[in-house]
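Survey of secondary and tertiary structure
Take a look at the letters that make up each chain.
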Amino acid sequence: MRPLQVPDAYFASNNSVSENGNLPGNLLLGVSTSLGPYWARQQSRLRPDSPRVLAGNPPLGFSAAGLVARSFGALPGFPVFLMRVLFSDIGSTGAIPGLGIFFGIALLVWAETLGLGPWMSTGLAALIFFAALPVAALAIKWILVGARWGVDHAAPFWSIRHFTYFLAQDCFFQWAGIFLISAEGTALANPLLRAFGCKIGKRTVWAHPIQAFDWHAVDIGEECVINGQLQLHSFEGRVLTVRRSRIGSRTCVNHGAMLMGGADISDHVTIYPQTLVLKGMQLQTGTHQGSPSQRAEI
């Protein structure tokens, strides 16, 4: 066991690994990036570190110019913090899971009053529960997010748009996830995902359809196999950014691969397991592997 000192202005993205040591501040650590003290160290305690972005495995440095300039407004105040408590702590963490449980209990009680017997009443309640929760999640999504936001949009990190977007996503995970998990490994989830705003071609199969949670940023062709992770939103300079990624027809995204927002993948592409496709990458027809992704020589 060795200590990890997390400095100011340090942002670690999804699936990243921060090892022990005094890591530098003003750093955005990219998705699926592993960072140890041998890659980057704190340089000075007298002045802040220069802004940097590291992504890939081994990590590569990217320009951080514009991260501060793109930041929306001043630091959030106490009213914004109260909104965060209402939407996140009370809404996402407490109310959304609880409402599903209470709805299921109410259905069981109602079904018992019909006099159908224990098996029939339980089956009827389960069927209504299984069908109604995804519809409720869809209604919340259309009310809070709308029909377009999330194709190529940005919003302040702590804002009404940020809170409502993730509240709708939590409803999607908790309520529609019951159906989506049961549809894993098939194309059965595609009609529901299209209703949420995803663009999905015919006969596309999902290993984990719940990965399509940035709905309007999902653009997938026909006859694809999606077994990786879609990370189509990011946070840079306290800005929530969502960008559409396009996956061409007859493309396979293998287990553990990570696809980020703004990527453009041609038809007939195979992405190897554990591959990281960074933002804005363009993958031509063929086989790709590595972190960051590059053309594989077969």
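Residues numbered from 1 in each chain as written. Predicted model: local features only at pLDDT ≥ 70, side-chain atom pairs only at ≥ 80, totals over all residues. Heavy atoms only, no water.

1. Points about the overall build of the protein chain
Counting its secondary structure elements, the protein chain contains 4 helices and 25 strands. Reported as C-alpha extents along the three principal axes, the dimensions of the protein chain are approximately 75 × 55 × 40 Å. Summed over all atoms, the accessible surface of the protein chain reaches about 15,200 Å², with 62% contributed by carbon and sulfur. (Helix = DSSP H or I, 4+ residues; strand = E, 2+ residues; numbered from the N terminus. Areas by Shrake-Rupley, 256 points an atom, 1.4 Å probe, with all protein chains shown as cover.)

2. Remarks on the sheet that holds strand β21 (residues 269-271)
Pairing is mixed in the open sheet, where 6 strands are placed in the order β11-β13-β18-β21-β24-β25. Pairing within the sheet leaves two strands with one partner each, and these edge strands are β11 (205-206) and β25 (294-295). Pairing of β21 with strand β24 (residues 286-289), which is carried by 3 bridges, proceeds in the parallel orientation. Bridged to Thr-270 within β24 is Thr-287. (Pairing = 2+ DSSP bridges.)

3. Details of the pairing of β24
Two strands pair when backbone bridges link them, and β24 and β25 are joined in this way by 2 bridges, in the antiparallel orientation. The residue of β25 that forms the bridge with Gln-289 is Gln-294. In this antiparallel pair of consecutive strands, β24 and β25, the connection spans 4 residues, and Gly-290 shows a positive phi of 105 degrees.

4. Some words on the environment of Pro-292
Mapped onto the elements, Pro-292 comes out in the loop between β24 and β25. Take Pro-292: its relative accessible area is 13%, and that puts it in the buried class. Those residues within four positions of Pro-292 in sequence are excluded, and the remaining contacts are Gly-56, Asn-57, Leu-60, Leu-276, Leu-278 and Met-281. (Buried < 20%, exposed > 50% of the residue type's maximum accessible area, 1.4 Å probe, protein only. Contact = heavy atoms within 4.5 Å.)

5. Section: the packing of aromatic side chains
Following the criterion strictly, the structure yields 17 aromatic pairs and no others. With a centroid separation of 5.7 Å and an interplanar angle of 90 degrees, the aromatic rings of Tyr-165 and Phe-166 are classed as edge-to-face. Given a relative accessible area of 1%, Tyr-165 falls into the buried group. Ring-pair connections join several aromatic residues into one group, and the members of that group are Phe-11, Trp-149, Phe-157, Tyr-165, Phe-166, Phe-172, Phe-173, Phe-196, Phe-213, Trp-215 and Phe-235. (Phe/Tyr/Trp six-rings, centres within 6.5 Å; stacked < 30°, edge-to-face > 60°.)

6. Some remarks on the side chain of Ser-291
Along the chain, Ser-291 falls in the loop between β24 and β25. Once residues lying within four places of it in the same chain are set aside, the contact partners of Ser-291 are Ser-32, Gly-56, Asn-57, Pro-58, Gln-274 and Leu-276.

7. Some thoughts on the nonpolar core
Counting 57 residues, the largest nonpolar core has Leu-193, Trp-206 and Ile-247 as the members making the most contacts within it. Per element, the largest residue contribution to this core is 10 residues, and it comes from helix α3 (residues 160-182). Excluding anything up to four places from it in sequence, Trp-206 contacts Ala-183, Glu-184, Gly-185, Thr-186, Asn-190, Leu-193, Ile-200, Ala-212, Val-218, Ile-220, Ile-226 and Leu-230. Formed by 6 residues, the second largest nonpolar core is a distinct cluster that contains Tyr-10, Leu-27, Leu-35 and Leu-54. (Core = buried A, V, L, I, M, F, W, Y, C linked by side-chain atoms within 4.5 Å.)

8. Focus: the pairing of strand β16 (residues 239-243)
For β16, the buried fraction is high: 4 of the 5 residues fall into the buried class. Pairing of strand β9 (residues 152-156) with β16 involves 5 bridges; the strand directions are antiparallel. Each residue of the ladder has a partner; that of Ala-154, found in β16, is Thr-241. Note: strand β15 (residues 233-235) against β16, 3 bridges, orientation antiparallel. From the neighbouring strand, Ser-234 faces β16, where its bridge partner is Thr-241.

9. Side note on a nonpolar patch on the surface
Residues Ile-101, Phe-102, Ile-105 and Val-109 make up a contiguous nonpolar surface patch of about 430 Å² in total accessible area. Along the chain, Phe-102 falls in helix α1 (residues 78-112). Under the relative-accessibility criterion, Phe-102 is labelled exposed at 59%. (Patch = residues over 30% accessible without salt bridge, like charges linked within 9 Å, V, L, I, M, F, W, Y side chains within 5 Å. Salt bridge = Lys/Arg side-chain N within 4 Å of Asp/Glu carboxyl O.)

10. A closer look at the side chain of His-162
Within the fold, His-162 resides in helix α3. Beyond its immediate sequence surroundings of up to four residues, His-162 is in contact with Pro-156, Phe-157, Phe-235 and Leu-240.

11. Notes on the pattern of salt bridges
For the structure shown, the criterion picks out 5 salt bridges. In this structure, Arg-84 and Asp-89 form a salt bridge, with 2.8 Å as the shortest nitrogen-oxygen distance.

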